[in-house]
There are 2 protein chains.
Amino acid sequence: MKENTAIPYKIYLEESEMPKAWYNVRADMKKKPAPLVNPGTGKPMTAAELEAVFCADLVKQELDNDTREFPIPDDIRNFYKMYRPSPLVRAYCLEEKLGTPAHIYYKFEGNNTSGSHKLNSAIAQAYYAKKQGLKGITTETGAGQWGTALSMASAYLDLDLIVYMVKVSYEQKPFRREVMRTYGSRVIASPSDTTNVGRKILEEFPGTGGSLGCAISEAVEYAVTHEGYRYVLGSVLNQVLLHQSVIGLETKAALDKYGIKADTIIGCAGGGSNLGGLIAPFMGQKLRGEADYDIVAVEPASCPSFTRGTYAYDFCDTGKICPLAKMYTLGSSFMPSPIHAGGLRYHGMSPILSELFDQKQMRAISVEQTEVFKAAQMFARIEGILPAPESSHAIKAAIDEALKCKETGEAKNIVFGLTGTGYFDMVAYGQFNDGKMSDFIPSDADIAKSIAQLPKV
Amino acid sequence: MKENTAIPYKIYLEESEMPKAWYNVRADMKKKPAPLVNPGTGKPMTAAELEAVFCADLVKQELDNDTREFPIPDDIRNFYKMYRPSPLVRAYCLEEKLGTPAHIYYKFEGNNTSGSHKLNSAIAQAYYAKKQGLKGITTETGAGQWGTALSMASAYLDLDLIVYMVKVSYEQKPFRREVMRTYGSRVIASPSDTTNVGRKILEEFPGTGGSLGCAISEAVEYAVTHEGYRYVLGSVLNQVLLHQSVIGLETKAALDKYGIKADTIIGCAGGGSNLGGLIAPFMGQKLRGEADYDIVAVEPASCPSFTRGTYAYDFCDTGKICPLAKMYTLGSSFMPSPIHAGGLRYHGMSPILSELFDQKQMRAISVEQTEVFKAAQMFARIEGILPAPESSHAIKAAIDEALKCKETGEAKNIVFGLTGTGYFDMVAYGQFNDGKMSDFIPSDADIAKSIAQLPKV
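Criteria and cut-off values
- In every chain, residue numbers begin from 1 and rise along the written sequence.
- Chains carry letters from A onward and ligands carry numbers from 1 onward, assigned in written order.
- For this predicted model, a pLDDT threshold of at least 70 governs which residues receive local features, and a threshold of 80 or more governs which side-chain atom pairs are given and counted, while totals over whole chains, interfaces and linings are taken from all residues.
- The basis for every side-chain value is the complete set of non-hydrogen atoms in the structure, without hydrogens or water.
- The secondary structure listing takes helices from DSSP runs of H or I that are at least 4 residues long and strands from runs of E that are at least 2 residues long, numbered from the N terminus.
- Here the globule rule reads 2.2 Å times residues to the power 0.38, and the radius of gyration is calculated from C-alpha atoms.
- The contact criterion used throughout is that any non-hydrogen atoms of two residues lie within 4.5 Å.
- Note on areas: Shrake-Rupley with a 1.4 Å probe; residue coverage comes only from the protein chains shown.
- Multiplying one less than the number of residues by 1.5 Å gives the expected span of a helix.
- Only protein chains enter the accessibility calculation, which uses a 1.4 Å probe; a residue whose area is less than 20% of its type maximum is buried, one above 50% is exposed, and one in between is partly exposed.
- Alignment of the copies relies on least squares applied to C-alpha atoms, considering only residues that score at least 70 for pLDDT in both.
- The split into domains, and so the bounds of each, comes from an automatic or database assignment of domains.
- Two parts placed together each lose some accessible area under a 1.4 Å probe, and adding up what both lose gives the buried area.
- Definition used for salt bridges: Asp or Glu carboxyl oxygen within 4 Å of a side-chain nitrogen of Lys or Arg.
- In protein, a polar contact means a hydrogen-donor-capable atom and an acceptor-capable atom, both N or O and within 3.5 Å, with residues adjacent in sequence counting only if both atoms are side-chain atoms; elsewhere, any N or O pair within 3.5 Å suffices.
- One requirement defines pairing of two strands: DSSP has to find at least two bridges between them.
- Structural elements are reduced to axes, namely lines fitted to C-alpha atoms, with helices fitted over the stretch in contact, and the angle between N-to-C directions of any two is expressed from 0 to 180 degrees.
- Detection works on a 1 Å grid of protein atoms alone, calling trapped sets that fit a 1.4 Å probe cavities and calling open sets with protein on both sides within 12 Å along at least five of seven lines pockets, with lining residues defined by an atom within 4 Å of a point.
- Grid points are joined across faces, edges and corners, and a volume is the space filled by probe spheres set on the points.
- In this count, Pro and Cys sit with the nonpolar residues alongside Ala, Val, Leu, Ile, Met, Phe, Trp and Tyr, while Asp, Glu, Lys and Arg are called charged and the others, Gly among them, polar.
- The disulfide definition used here is simple: a pair of cysteine sulfur atoms within 2.5 Å.
- pLDDT expresses how confident the predictor is about each individual residue, on a scale running from 0 to 100.

A. Looking closely at the overall build of chain A. What chain A contains, in helices and strands, is 18 helices and 15 strands. In summary, chain A has a C-alpha radius of gyration of 21 Å against a globular reference of 23 Å for 457 residues, a match within 12%. Its C-alpha atoms put chain A at 65 × 50 × 45 Å along the principal axes. Across chain A, every contact between residues at least 6 apart in sequence was considered, and the portion connecting residues at least 24 apart equals 76%. Surface exposure of chain A reaches about 15600 Å², of which carbon and sulfur atoms provide 51%.

B. Focus on helix 10 (residues 212-225) of chain B. Residue and element names in this part refer to chain B. If you check helix 10, its first and last C-alpha atoms are 20 Å apart, about what 14 residues at 1.5 Å a residue would give, namely 20 Å. Within helix 10, 11 of the 14 residues are buried, leaving the element largely enclosed by the surrounding structure. Buried within helix 10 are the following residues: Gly 213, Cys 214, Ala 215, Ile 216, Ser 217, Glu 218, Ala 219, Val 220, Glu 221, Tyr 222 and Ala 223. Residues of helix 10 that are buried sit in contact with strand 6 (136-141), strand 7 (160-166), strand 8 (186-190), helix 9 (196-204) and strand 9 (229-231).

C. Examining the relation of the copies chain A and chain B more closely. Mapping chain A onto chain B leaves a residual RMSD of 0.0 Å; the transformation is a rotation of 180 degrees accompanied by 0.0 Å of translation along its axis. What the superposition gives is, in effect, a two-fold axis relating one chain to the other. For chain A, the minimum C-alpha distance to the rotation axis belongs to Asn111(A) and amounts to 3.0 Å. The overlap is high: 100% of the interface residues of chain A also sit at the interface in chain B, so the same surface is used on both sides.

D. Seen up close, the environment of Pro33(A). All names here are of chain A. Secondary-structure assignment places Pro 33 in the loop between strand 2 (21-23) and helix 1 (47-51). Exposure remark for Pro 33: the relative accessible area of 7% places this residue in the buried category. With sequence-adjacent residues up to four places away left out, Pro 33 is seen in contact with Arg 26, Asn 65, Pro 351, Ile 352 and Glu 355.

E. Molecular detail of the domain arrangement of chain A. Residues and elements named next belong to chain A. When its domains are assigned, chain A resolves into domain 1 (10-20 + 85-115 + 244-451) and domain 2 (25-71 + 117-231). Computed over C-alpha atoms, the centres of domain 1 and domain 2 are 23 Å apart. Listed by partner, the interface residues are 37 residues for domain 1 and 34 residues for domain 2. Taking both sides of the interface into account, the surface hidden between domain 1 and domain 2 amounts to around 3000 Å²; carbon and sulfur atoms contribute 62%. Taken together, the connections running from domain 1 to domain 2 amount to two salt bridges. Across the pair Lys 31 and Glu 355 runs a salt bridge whose closest N-O atoms are separated by 3.7 Å. The tally of links between domain 1 and domain 2 comes to 10 residue pairs in polar contact (both at pLDDT 80 or more).

F. Just the environment of Ala341(A), in detail. Here Ala341(A) shows up in the loop between strand 13 (324-329) and helix 14 (351-358). Excluding residues that lie within four positions of it along the chain, Ala341(A) makes contacts with Pro389(A), Glu390(A) and His393(A).

G. View of helix 8 (residues 174-182) of chain B. Of all the positions in helix 8 of chain B, only Arg176(B), Arg177(B), Glu178(B), Val179(B), Met180(B) and Thr182(B) are classed as buried. Positive phi appears at Gly184(B), one or two residues downstream of helix 8 of chain B, with a value of about 90 degrees.

H. Highlighting the interface of chain A and chain B. With 46 residues of chain A in contact, the opposing surface of chain B contributes 46 residues. Buried area between chain A and chain B, both sides added, is near 4300 Å², and the carbon and sulfur share of it is 57%. The largest share of the area that chain A buries against chain B comes from Thr182(A), Arg381(A) and Tyr423(A), three residues that together contribute 16% of it. Where chain A touches chain B, the interface holds two salt bridges.

I. Seen up close, the sheet that holds strand 8 of chain B. Residues and elements named next belong to chain B. A sheet is described by the order of its strands in space; here four strands give the open sequence 8-7-6-9, paired in parallel fashion. Of all the strands in the sheet, just strand 8 and strand 9 have a single pairing partner and so form its edges. In this sheet, neighbouring strand axes are inclined to one another by 25 degrees on average, regardless of whether the strands run parallel or antiparallel. Pairing geometry for strand 6 and strand 9, over three bridges, is parallel.

J. Geometry of empty space enclosed by the protein. As enumerated under the stated definition, the model contains 13 cavities of 30 Å³ or more in all. For the largest cavity, the lining is made up of 44 residues, of which Phe108(A), Gly110(A), Asn111(A), Asn112(A) and Asn111(B) are closest to its centre. Going through the elements one at a time, helix 3 (74-83) of chain A together with helix 3 (74-83) of chain B are the ones with two or more residues in the lining of the largest cavity. When its residues are assigned to classes, the lining of the largest cavity shows 24 nonpolar, 14 polar and six charged.

K. Focus on the sheet that holds strand 6 (residues 136-141) of chain A. Residue and element names in this part refer to chain A. The sheet built from four strands is open, its strands ordered 8-7-6-9 with parallel pairing. Among the strands making up the open sheet, the edge pair consists of strand 8 (186-190) and strand 9 (229-231). Shown here is a sheet whose adjacent strand axes are inclined to one another by a mean of 25 degrees, direction ignored. Bridging between strand 6 and strand 7 (residues 160-166) involves six bridges; their strand directions are parallel. Across the sheet, residue Glu 140 finds its bridge partner in strand 7, namely Tyr 164. Docked against the sheet, helix 10 (residues 212-225) engages strand 6, strand 7, strand 8 and strand 9, running at close to 170 degrees with respect to strand 6.

L. Focus on the side chain of Gln369(A). Residue and element names in this part refer to chain A. Its location among the elements puts Gln 369 in helix 15 (residues 369-383). On the basis of relative accessibility, which here comes to 8%, the residue Gln 369 falls in the buried class. Setting aside residues up to four positions removed in sequence, Gln 369 forms contacts with Ile 339, His 340, Met 437, Ser 438, Asp 439 and Phe 440.

M. Main features of unusual backbone geometry. All names here are of chain A. Here the bond from Arg 84 into Pro 85 is cis, since omega is -5 degrees, no more than 30 degrees from zero. Among the secondary structure elements, Pro 85 is positioned in the loop between helix 3 and strand 4 (88-90). With a phi close to 65 degrees, Val 236 is a non-glycine residue in the positive phi region. Along the chain, Val 236 falls in the loop between strand 9 and helix 11 (238-257).

N. Inspection of the state of the cysteines at higher detail. Applying the stated criterion across every chain yields a total of zero disulfides over all chains. Free cysteine Cys316(A): the closest other cysteine sulfur is in Cys322(A), separated by 6.1 Å. Here Cys316(A) falls in the buried class, since its relative accessible area comes to 12%. Take Cys303(B): it sits in no disulfide, and the sulfur closest to it among the cysteines is that of Cys268(B), at 13 Å.

O. Focus on the confidence of the model for chain A. In the predicted model, chain A carries a mean pLDDT of 94, and 99% of its residues have values of at least 70. Model confidence for the complex is summarised by a pTM of 0.95, with the ipTM given as 0.93.

P. Local environment of the environment of Thr139(B). Residues and elements named next belong to chain B. Following the sequence through the fold, Thr 139 ends up in strand 6. Sequence separation between Thr 139 and Ala 269 is 130 residues, and the spatial gap between their C-alpha atoms is 21 Å. When neighbours within four sequence positions are excluded, Thr 139 is seen to be in contact with Trp 146, Leu 150, Leu 161, Ile 162, Val 163, Tyr 164, Ala 219, Tyr 231 and Val 232. Side-chain polar atoms of Thr 139 contact the side chain of Trp 146, separated by 2.8 Å.

Given below as structure tokens:
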């Protein structure tokens, strides 16, 4: 066991040190991310168009590329105090096991019932819906982390929540469903007979297990056809990255408190909500020329939007009812393999991160599923925390980076985002424990085929 | 939302403020708890007899009624730093919702992968086994929290662990089983063909789902018949309460830091590991005449050892192979109803707590399952944390106490132990959500029948 030093195992900020404002990285980008585009008109979406679907305050945040700081309302700050600050953990035991001179830190977002960072944006979106006097909100959920987070936020604010849960998940993940129900949400297996689009799909494909694209379509339809409802989304959007900046701001404050300068910052990347939040203030420094960081996005080899996708306008949803976003994408018709990191199975990537990646402000790597679970198991045994499959992509990359330092002798400060826990992913761990896990890598032809179907803008 | 005051939502101790020694409440008891007795000889168990089953250092802790403080070895303190200090949370939101003048605090032990306080003793017991140069340890698990905690501790110390898991749980709780396997434990469905007692039971009752008593018998048999193995237990024993005193010591240090004097201290009680740990330093003050506290044990109405049991020598296990302990008991042949708080389904109670209860140093109440889940759901929605069914017994009692304060206008400081999370209890929550949960209250005749079978000592 390595001797304890002046840096504790866990750095907790005081309440008074918690961020008072979210940071909008777009304010420091010279070239801004491309705007959302109306697929009908081919023109940028207006505030009025977006407000039919989203809450008004959130639309303002979505469209504002210039305001650097958005004050966090008191009610949200008080909610944050119930589960934040999250600890920045020094991985002393992992360092010792690897025999690396590197110092490894991870920002752990799993210490709340939703089990992930998703709650940071869920409470913000629910708050603005409540503030607007809405009756309720609708959303879709696949793996269930976002739905759970939004259920917690809605219960707290006494806001009605309707969650369209992909039918196959609804049936195979009854525990996630029950958590949402315990918080008072109405969870509907999608496709359902509660919407036109759902009824149409059920008629066309009786017995289908549903898809995320279909669930989005139903959630949006419900919101726009019911007085007092709006639709909310847990990733990809600019507003979500804004709220998630609380992760990076806390991380930076904790490092600054102990005079630590990060060298490498690593995050898993699906739609970009965690990575965008974690790196925000560091990227800001980099864009302003104040500091340099090696920023790394880690994606699954099965769904490699950064590493094998193309930078173009595409639909955000497979149902093609949402606005077009310019992003690194595999094409909205790309069908990712059924890997267990459901939160990373997204064909595209946040427009902000896509633009930053295109500007070479960050790099990206992809890793295979079985390697990810090996890293996850090692981490669990050494550091105690059983990580989510999504988060474990960052663990794998951080371990590899620390092993490189072992070769070179560099004492780098490696910081990674541990987005959540794997308590609801034990089917995947069971498969891994039984040696029955496999890897999925799409062929060039598969990717070329879906990219060929990109919309013309 | 109540205005924030000087007391933060979560009080975290600094690493330097964490306890350096466990506190042994027996040292302050004038009348000591009764010793374990050898059922064969009728005489107190000697150290040599106990060392055949348990690790030597743990036997010393078990038998020592006089040493007030046991220094926590550095390796255990470092392990504690990975998931401790646990937060003492001020339940601002719950207070506001109840409209009570009381201040409610809870010590939350669920922020680790085992999901409960069990890890505090698991790492200690695994450490002493490692120190003794043993190859491995054996234990039994019912609901799986203890088995998970011990798996984490054993993986960390690279110690072999064999867990006999009650067969019906093994089959119905595959997720708990997979967590243990991920940490490298060998999990065996009990009864099994790996022991004589297991084979005998399988022959007699083919197709049985097993029982905790049978699993204990198998775990003990494996330990005593294999070179380099010992058996460990997660509750009831004096040594376990000693290790768990870390909960109470941290709680008291956090309260002292803000000048808060607890009035009422509430904990759920099964075998007594959590309650005994939480109250230890407060009870010490009470026994030394330095302060007074209203200390409350909350047990399920279905398994009411304090409130309807008798104080007598009894077997600790239904298999009747363990030593006799003097305790409040319903009789080791009492079959508790299948309630969902598996950790509270124990026929007896820790000898230390039993003696303190007999001395009227604390009081006990019992609550029914559906009321407990109502409190759990309310708590989850208001405070965010989805509690374990066991912990929710304390929540129910704390809410009732706070509502009494609302009537009387007293601004009491109520402190309760939130032992863990309910993420692996969603079958129970599902039953509750569907309105299909029922209560079980044993008849006087049932209890009289099992108490009539107590051993004669």
